[in-house]
Amino acid sequence: MGGVREMAAPFVALGPSGVAVRDRLRHLVAGDEEVLRLVGDHLGALASRDLRVRCADGLDHDGERWAERKRALTVKSSSRWAGSVTKASHDQWALARRGQLAHIQSLEAGVRTIAHRLSLPVGEKSSKRAAGGYRSKREWHAKARRLHVLAGRLEAARADWQAGRVRVVRGGKRLLNTRHHLDAAQLSEEQWRRRWQAERRFLRADGESGKRFGNETIRVSPDGEVSLKLPAALAHLANAPHSRYVLSARVRFPHRCEQWRDRVAANRAVAYRIHEDTARGRWYVTASWTIPPARTVPLATARANGMVGVDTNADHLAAWRLDAHGNPVGQPLRFGYDLTGTADHRDAQVRHALIRLLHFAKRHGLAVAVEDLDFSAEKTREKHGRRKRFRKLISGMPVARLRARLVSMAAELGIPVIAVDPAYTSKWGAQHWQKPLTTTTRKTTRHDAAAVAIGRRALGHSIRRRTAPPPAHRSDEQGHRTVQAGPGSPGREGNRPRIPGPRTRSVRAGCGANAGDQDAQHRSGHPAEHESWQHDSLPLSVFRNGDSVHHQIVDDRDPTTLSVEDLAALRENLHEQRLFRREQLQQLSSPAATRTDAVLDRRAVSQIEVRVKLAASARMVLTDVEAALARMDEGRYGVCGRCREPIAREHLMIVPQARCCTRCRHVGEAGR
């Protein structure tokens, strides 16, 4: 492959496996808020103690220990609250373990990179594949000290991993550190304290199928009434039987309301979480439940109507529509978003851009192709060194949030999302598509060209753009040769196979079948995504005559006999011609797309006559091609329609849709 890494195959992304909807608890009275705070603080304190016990157990934790923890919590709350608390503690410990492993892998990568660069001479230049030496002795010594620091951190992290020790902060480490930077966070100590207490509260209950309304701990009825089971220590605050407290607020969940109401009416499990937004002074309840994963359509079905290639960038989505053959259609699209400001603002911006993109895809019946990006290991300064601008760029790209939202929203609209390998899409897109797609009225950017590359890779085509054949090979008599080959067609990236007969041309000495080798289009000298196509060439004898080389066909077969391979090649040729003629007629019959086109048509009436003649010629050829395919299906292909004699094989190879042999055709032309 000449240094180019192996590409992963495109795949249809799986849909979401769960749903979460949120609604505000409106019209809460002061007594309701006080009860929620008391219950949340009490359960939060129990959750903190249980998490400390779970972290202390480490790798020695087992089912008996879990049951012991739950029994200790049941005395101070209830069995269901205890089950929710112990499960949340275990999930938090497992999440910390995954983060710890990712931290170890990041440290190992940094140590390897620095050690490699320290082993190189100072000032050695880097290559495209590996970093070079450091620029100066001063930087070399600074990195040597950093290597010792990272090695110490790695040793400590590995020791914690082996012992099962994790470090978890209930309420969040970021919010905890904000306590020391209140001015930068524009918070007062009182505001920070309220946020800290709100984050450490525990008001979360898992659902239970078969129980009333799907949850016995936090229950929401189909008409929106919210009630919760009070812990044993706060049972005196109940305003309903069985130690329950009913809130005065009602919820309705505007988004997915019918799905939620159907679940609770059928007593299917629904999990709830109640939390306070101290900045706005509001309370919210979030309902979540699992759903069976949506069945993905086959990749071939998703490719049938074309694709929308999408290139993800720091401030916009660049998109371009492609037909099923990988050809760009229409104008490039751009869906911008602003990722400054609060998290809610950034999330709304991403959601709005995706809505516009999906509405376009839904309107045209297209699938969406995106890169399978993951920058989690690409942001370290050990990997990119002084390239702070690039590190900041990829750090600001919301690839994880965007991908999750895109898959979820596309599943609701029934739009397939195809993920492709992101390798070389920007580089090869700019190399092969940016300049050809740039016109006097359209400026194509690298991002637009990358969107085309992504769409072509999702369709199964190579990114490299096919060059047009010689003008003589585009004529109606010899058949059109520029139709985009299918993903499984052999030789779609190789040379055009030589066809025997009058089409064989004389070329200069030294120029032959390899003159059109497309390997030269890649700087590596090798095909980037597909192996070169090899075909069995016809035996040729070469004779010198002046400055040219004449190719004489040597074939000892019966000139009127068609083999199985010949019929297969002729059928493929006819299918390509039929596809091209249909597309040509569709383009010629379409009206002027823009006002400029209409003005040009009025100014140049002669162009209308040319379009009419081209359409008539295309219909004539299309009729002959379809008739030839019908004769091939009926077993009458290759027989002259006048003299009933076999048509010469060489003539069929040149004109596969021929109805008559050469002799009858000449007689007919002479008669006219």
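Residues numbered from 1 in each chain as written. Predicted model: local features only at pLDDT ≥ 70, side-chain atom pairs only at ≥ 80, totals over all residues. Heavy atoms only, no water.

## Considerations on the overall build of the chain
Consideration 1: When helices and strands are tallied, the chain shows 20 helices and 16 strands.
Consideration 2: Evaluated residue by residue, the chain yields a buried proportion of 40% over its 672 residues.
Consideration 3: Sequence separation of 24 or more characterises 67% of the internal contacts of the chain that already satisfy a separation of 6 or more.
Consideration 4: Of the roughly 38200 Å² of accessible surface on the chain, a fraction of 51% belongs to carbon and sulfur atoms. (Helix = DSSP H or I, 4+ residues; strand = E, 2+ residues; numbered from the N terminus. Buried < 20%, exposed > 50% of the residue type's maximum accessible area, 1.4 Å probe, protein only. Contact = heavy atoms within 4.5 Å. Areas by Shrake-Rupley, 256 points an atom, 1.4 Å probe, with all protein chains shown as cover.)

## A short note on helix H15 (residues 446–459)
Consideration 1: Taking 1.5 Å of rise per residue, the 14 residues of H15 would be expected to cover 20 Å, and the 20 Å separating its terminal C-alpha atoms lies within 8% of that figure.
Consideration 2: H15 sits mainly inside the fold: 12 of its 14 residues count as buried.
Consideration 3: Within the sequence span of H15, burial applies to Asp448, Ala449, Ala450, Ala451, Val452, Ala453, Ile454, Gly455, Arg456, Arg457, Ala458 and Leu459.
Consideration 4: Where H15 is buried, its residues meet strand E9 (307–312), strand E10 (316–322), strand E11 (328–336), strand E12 (367–371), strand E13 (417–420) and helix H14 (425–434). (Expected span 1.5 Å × (residues − 1).)

## Re the environment of Ala314
Consideration 1: You can see Ala314 is positioned in the loop between E9 and E10.
Consideration 2: Among the residues examined, Ala314 registers a relative accessible area of 25% and is labelled partly exposed.

## A few points about the nonpolar core
Consideration 1: Counting 39 residues, the largest nonpolar core has Leu25, Trp260 and Tyr272 as its most contacted members.
Consideration 2: Ranked by residue count, the leading element in this core is helix H1 (residues 30–57), at 6 residues.
Consideration 3: Setting aside its immediate chain neighbours within four residues, Leu25 contacts Val226, Leu247, Ala249, Val251, Ile274, Trp283, Tyr284 and Val285.
Consideration 4: With 25 residues, the next largest nonpolar core counts Leu354, Phe360, Ala361 and Met409 among its residues. (Core = buried A, V, L, I, M, F, W, Y, C linked by side-chain atoms within 4.5 Å.)

## Some remarks on the packing of aromatic side chains
The description of an aromatic ring pair uses the distance of the two centres, along with the angle that the planes make with each other.
Consideration 1: Tallying each qualifying case throughout the model produces 3 aromatic pairs.
Consideration 2: With a centroid separation of 5.6 Å and 10° between ring planes, the pair formed by Trp192 and Trp196 is classed as stacked. Taken together, the residues Trp192 and Trp196, both in helix H7 (residues 189–200) and 4 residues apart, mark about one turn of the helix. For the pair formed by Trp192 and Trp196, the shared burial category is buried. (Phe/Tyr/Trp six-rings, centres within 6.5 Å; stacked < 30°, edge-to-face > 60°.)

## Observations regarding unusual backbone geometry
Consideration 1: Phi is positive for Ser243, which is not a glycine, with a value near 55°.
Consideration 2: Here Ser243 lies in the loop between strand E5 (225–229) and strand E6 (244–250).
Consideration 3: Backbone geometry places Arg256, a non-glycine residue, at a positive phi of 60°.
Consideration 4: Here Arg256 lies in the loop between E6 and helix H8 (257–265).
Consideration 5: For Arg256, a relative accessible area of 15% gives the class buried.

## Details of the sheet that holds strand E8 (residues 282–290)
Whenever strands of a sheet pair, they do so through backbone hydrogen bonds, lying parallel or antiparallel.
Consideration 1: Spatial ordering of the open sheet is given by E2-E8-E7-E3, a layout of 4 strands whose pairing is antiparallel. At either margin of the open sheet sits one strand with a lone partner, and together these are strand E2 (18–24) and strand E3 (204–205).
Consideration 2: In this sheet, strand E7 (residues 271–277) lies alongside E3 in antiparallel orientation, the contact comprising 2 bridges. Paired with Ala205 across the strands is Tyr272, a residue of E7. (Pairing = 2+ DSSP bridges.)

## A few points about the pairing of E5
Consideration 1: Note that strand E4 (residues 218–220) and E5 share 3 bridges and pair antiparallel. Residue Ile218 lies in a different strand from E5, and its bridge partner there is Leu228.
Consideration 2: Counting the residues in the hairpin turn of E4 and E5 gives 4 residues, including Gly224, whose phi is positive at 100°.

## Quick look at the environment of Pro436
Consideration 1: Along the chain, Pro436 falls in the loop between H14 and H15.
Consideration 2: For Pro436 and Ala449, which are 13 residues apart along the polypeptide, the C-alpha to C-alpha distance reads 9.7 Å.

## What to know about the side chain of Glu371
Consideration 1: On the secondary structure map, Glu371 appears in strand E12.
Consideration 2: Buried charge without a partner: Glu371 forms no salt bridge, and the closest opposite charge is Arg457, 6.7 Å away.
Consideration 3: In this structure the side chain of Glu371 is engaged in a polar contact, spanning 2.5 Å, whose partner is the side chain of Thr425.
Consideration 4: If we skip the residues at most four places from it in the chain, Glu371 touches Val310, Asp311, Thr312, Val420, Pro422, Thr425 and Ile454. (Lys, Arg positive; Asp, Glu negative; His and termini not counted. Salt bridge = Lys/Arg side-chain N within 4 Å of Asp/Glu carboxyl O. Polar contact = N/O pair within 3.5 Å; in protein donor to acceptor, adjacent residues only side chain to side chain.)

## Description of the confidence of the model for the chain
Consideration 1: Averaged over every residue, the pLDDT of the chain is 79; the share at 70 or more is 77%.
Consideration 2: This model gives residues 375–379 a pLDDT under 50, and the stretch forms 10 contacts once residues within four places in sequence are excluded.
Consideration 3: This model gives residues 491–557 a pLDDT under 50, and the stretch forms 119 contacts once residues within four places in sequence are excluded. (pLDDT = per-residue confidence, 0-100.)

## Focus on the sheet that holds E6
Consideration 1: The strand order E4-E5-E6 describes an open sheet built from 3 strands, whose pairing is antiparallel. Single-partner strands in this sheet number two, and they are E4 and E6. With strand direction ignored, the average angle separating the axes of adjacent strands in the sheet is 20°.
Consideration 2: Strand direction decides the pairing type here: E5 and E6, joined by 4 bridges, are antiparallel. Within the sheet, the bridge partner assigned to Lys229 lies in E6 and is Arg244.
Consideration 3: H1 rests against E5 and E6 of the sheet, and its axis sits at about 130° to E6. (Axes fitted to C-alpha atoms, helices over the stretch in contact; angles between N-to-C directions.)

## A few points about the pairing of E7
Two faces belong to every sheet, and in a regular strand the side chains alternate between them.
Consideration 1: With 5 of its 7 residues buried, E7 lies for the most part within the structure.
Consideration 2: Here 7 bridges tie E7 to E8, and the two strands are oriented antiparallel to one another. Counterpart to Asp277 in the pairing with E8 is Arg282.
Consideration 3: As consecutive antiparallel partners, E7 and E8 are separated by 4 residues, and within that stretch Gly281 has a phi angle of approximately 70°, a positive value.

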